[in-house]
Amino acid sequence: MEPSTAVDPRTAVEDLGRYVMESPSSFHAAHAAAARLEQAGFVRLDETEDWTRTGVRGRRYVLRDGAVIAWATPAEVPPAAGFRILGAHTDSPGFKLKPRPTSTAHTWHQAGVETYGGALLNSWLDRELRLAGRLVVRGADGAPAEHLTATGPVARIPQLAIHLDRDANKGLQLDRQQHVQPIWGVGQPEDADVLALLAEHADGGPVDPARIVGYDVVLADAQPPAVFGQGGTLFASGRLDNLSSVHAGLSALAREAEAVEQGRHIAVLAAFDHEEIGSRTRSGAAGPFLEDVLVRIGEGLGRSAAEHRRSLAGSVCLSADAGHLVHPNYQGHHDPVNRPEPGAGPLLKINADQHYATDAVGAGIWAEACARAGVGYQEFVSNNRVPCGSTIGPITAARLGVRTIDVGIGLLSMHSARELCHVADVAALGAVAGAFYTA
């Protein structure tokens, strides 16, 4: 099947901006994705239910904490139809709220945080920040209930004035404990309670902070995403790594669900949590979530164990995660020949040590999808002196034995509180995702 529609760059980037603002935490990203999926006719399944009774055919999705997996099946599913999986992640580097998070120093109220992942710490200084995540609240019957929570702009990590540190421009050194604790108000210690602030902003209305028994809360940039630059070609936003990929897969799956139903593959979006800290969690790519879902889809389709293995052998995963464009001020940090540029298409990420899972066959599959979408692409490989990071790609390939291809849009300032990309590349990745699902 051919992809159903073209992807307009301005429409795509504006919708990505809305999704980012809906998704200040991984939990919000998963629930915002669920809302969009339901608008496209997808039905939520509960992991505790018997899916052979509820049914796995058609458009379905399942949530697990800050992760979501969704799929659409052909109307007539061949016995060993393979999966076309787009994998991404919902988390971003930054800061996470500690236990007993409230303190006051010289009347400044502060929130205790620890670093999460490999953030560019200096980029979080002197900007307005939100607190967002989930609360677990003990109900009147004693049973715990989850609530999303998200404040508006409420916190800030202030930098020391240069008058008090004349050497600041010679090399800023931030102590991860002392220098990055945000302020969020002024008053006496008895007036401060971070949990009360979060309880006030719980979804469905305020909750009693005394009944909060657990929380997973992060800081998020409060500044809305923006299109700017000559001709409106640049897009700046928090969490482009990796909501840009989640959005591309989510939008493509919703847009192309009807075409998938007329096709021959089962299209899957797998948006995991915790990639930035290694993925070794129940909702991360190294956990059993995707494998569990694929096995249960096979059971719901009446497949034998052998048929399920055959379907995996015929499956492909796009591991979609942001990559690096050539930085004009730091050109020597990039490979001297392979030099991705803004607006020239998404990246095919390659590494000899398989930190990216792309191989020659996968590269051919990617090239075909790009050709069907009418989109160019660029190859990314690291400078030998600058080791690359990794993604969920090698984890997925090793866990499932599925051929996996590492791709993504190119950014500047990756792992900054606010990252930068080209508008056209956002739409291009969405278009290729659609072509991949409908191949």
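An unreviewed UniProt entry annotates the protein chain as M18 family aminopeptidase originating from Kocuria aegyptia. In its Cofactor (unreviewed entry) section, the UniProt record describing the protein chain reads: "Zn(2+)".

1. Topic: the overall build of the protein chain
Helix and strand counts for the protein chain stand at 10 helices and 20 strands. In summary, the protein chain has a C-alpha radius of gyration of 22 Å against a globular reference of 22 Å for 439 residues, a match within 12%. Counting only contacts in the protein chain whose residues sit at least 6 apart along the sequence, the fraction spanning at least 24 positions is 77%. For the protein chain, the exposed surface amounts to about 18800 Å²; the carbon and sulfur share of it is 50%. Treating the 38 positive side-chain charges of the protein chain as one cloud and the 50 negative ones as another, the clouds have centres 2 Å apart.

2. Structural notes on the nonpolar core
Counting residues in hydrophobic clusters, the biggest one holds 59 residues, and the most contacted among them are Leu253, Trp366 and Tyr437. The leading source of residues in this core is helix H10 (residues 423-437), at 10 residues. Non-local contacts of Tyr437, meaning those with residues more than four positions away in its chain, are made with Arg84, Leu86, Gly249, Ala252, Leu253, Val260, Ala267, Val268 and Leu269.

3. Observations concerning H10
Relative to the 21 Å expected for 15 residues at 1.5 Å per residue, H10 spans 22 Å between its end C-alpha atoms, a close match to the ideal helical length. Within H10, 14 of the 15 residues are buried, which leaves it mostly tucked inside the rest of the structure.

4. With respect to helix H7 (residues 305-313)
Among the residues making up H7, those that are buried are His308, Ser311 and Leu312. Projected down its long axis, H7 carries its buried residues within an arc of 100°, all on one side. Residues of H7 that are exposed and point more than 90 degrees away from the buried face comprise Ala306, Arg309, Arg310 and Ala313. Where H7 is buried, its residues meet strand E4 (83-89), helix H6 (289-300) and helix H9 (392-400).

5. With respect to the pattern of salt bridges
Considering all chains together, one arrives at 21 salt bridges under this definition. Among the ionic pairs, Arg36 bridges to Glu22, the shortest N-O distance being 3.5 Å. One end of the pair, Arg36, is in helix H2 (residues 26-39); the other, Glu22, is in helix H1 (residues 9-22), with 14 residues separating them in the sequence. When the shortest N-O distance is used, the salt bridge between Asp216 and Lys96 registers 3.3 Å. You can see Asp216 sitting in strand E10 (residues 212-221) and its partner Lys96 sitting in strand E5 (residues 94-105), a full 120 residues away along the chain. Judged by its relative accessible area of 22%, Asp216 is partly exposed. A single salt-bridge network, built from bridges that share partners, covers Asp65, Lys96, Arg134, Glu146, Asp216 and Arg282.

6. Remarks on the pairing of strand E2 (residues 59-64)
The buried fraction of E2 is high, at six of six residues. Here E2 shows no split at all, with Arg59, Tyr61 and Leu63 on one side and Arg60, Val62 and Arg64 on the other all buried. In this sheet, strand E3 (residues 67-72) lies alongside E2 in antiparallel orientation, the contact comprising six bridges. From the neighbouring strand, Tyr61 faces E3, where its bridge partner is Ala70.

7. As for the environment of Asn242
For Asn242, the location among the structural elements is in helix H5 (residues 240-261). Exposure remark for Asn242: the relative accessible area of 0% places this residue in the buried category. Taking the C-alpha atoms as reference points, Asn242 and Thr90, 152 residues apart in sequence, are found 6.3 Å from one another. For Asn242, the contacting residues outside a window of four places in its chain are Ala88, His89, Asp91, Ser92, Ala320, Asp321 and Ala322. Here Ala320 takes part through its backbone oxygen, which lies 2.8 Å from a polar atom of the side chain of Asn242.

8. What to know about the packing of aromatic side chains
Summed over all chains, the structure comprises five aromatic pairs. Here Phe95 and Trp124 contribute two aromatic rings whose centre-to-centre distance is 5.5 Å and whose plane-to-plane angle is 90°, an arrangement assigned as edge-to-face. One end of the pair, Phe95, is in strand E5; the other, Trp124, is in the loop between strand E6 (108-116) and strand E7 (129-138), and 29 residues separate them in sequence. Ring plane angle 75° and centroid distance 6.2 Å describe the contact between Trp366 and Tyr377, whose orientation is recorded as edge-to-face. Remark: Tyr377 occurs in the loop between helix H8 (360-373) and strand E17 (378-380) and Trp366 occurs in helix H8; sequence separation between them is 11 residues. With a relative accessible area of 1%, Trp366 lands in the buried category. Residue classification places Tyr377 among the partly exposed residues on the basis of a relative accessible area of 32%.

9. A short note on the side chain of Ser283
Take Ser283: it is sitting in the loop between strand E13 (266-272) and H6. Residue Ser283 is classed as buried on the basis of its relative accessible area, which comes to 0%. Reaching out from Ser283, the side chain makes a polar contact with the side chain of His274 at a distance of 3.5 Å. Look past the residues within four positions of Ser283 in its chain and what remains in contact with it is Arg64, Asp65, Ala67, Phe272, Asp273 and His274.

10. Section: the sheet that holds strand E18 (residues 403-408)
As summarised here, the arrangement of the nine strands in space is E1-E2-E3-E13-E4-E14-E18-E16-E17, forming an open sheet in which the pairing is mixed. Since the sheet does not close on itself, it has two edges, and those belong to strand E1 (43-44) and E17, each with one partner. In this structure, E4 lies alongside strand E14 (residues 316-320), joined through four bridges in parallel fashion. Bridge pairing in E14 links Leu86 to Leu318. Its contacts with the sheet put H5 on E2, E3, E4, E13 and E14, and the angle it makes with E4 is roughly 155°. Contacting E4, E13, E14 and E18, H9 runs over the sheet at an angle of about 170° to E18.

Rules and cut-offs
- Residues numbered from 1 in each chain as written.
- Predicted model: local features only at pLDDT ≥ 70, side-chain atom pairs only at ≥ 80, totals over all residues.
- Heavy atoms only, no water.
- UniProt positions renumbered as here; feature names shortened; annotations may be inferred.
- Helix = DSSP H or I, 4+ residues; strand = E, 2+ residues; numbered from the N terminus.
- Rg over C-alpha atoms; globule rule 2.2 N^0.38 Å.
- Contact = heavy atoms within 4.5 Å.
- Areas by Shrake-Rupley, 256 points an atom, 1.4 Å probe, with all protein chains shown as cover.
- Lys, Arg positive; Asp, Glu negative; His and termini not counted.
- Charge placed at Lys NZ, Arg CZ, Asp CG, Glu CD.
- Core = buried A, V, L, I, M, F, W, Y, C linked by side-chain atoms within 4.5 Å.
- Buried < 20%, exposed > 50% of the residue type's maximum accessible area, 1.4 Å probe, protein only.
- Expected span 1.5 Å × (residues − 1).
- Arc of directions from axis to C-beta.
- Salt bridge = Lys/Arg side-chain N within 4 Å of Asp/Glu carboxyl O.
- Pairing = 2+ DSSP bridges.
- Polar contact = N/O pair within 3.5 Å; in protein donor to acceptor, adjacent residues only side chain to side chain.
- Phe/Tyr/Trp six-rings, centres within 6.5 Å; stacked < 30°, edge-to-face > 60°.
- Axes fitted to C-alpha atoms, helices over the stretch in contact; angles between N-to-C directions.

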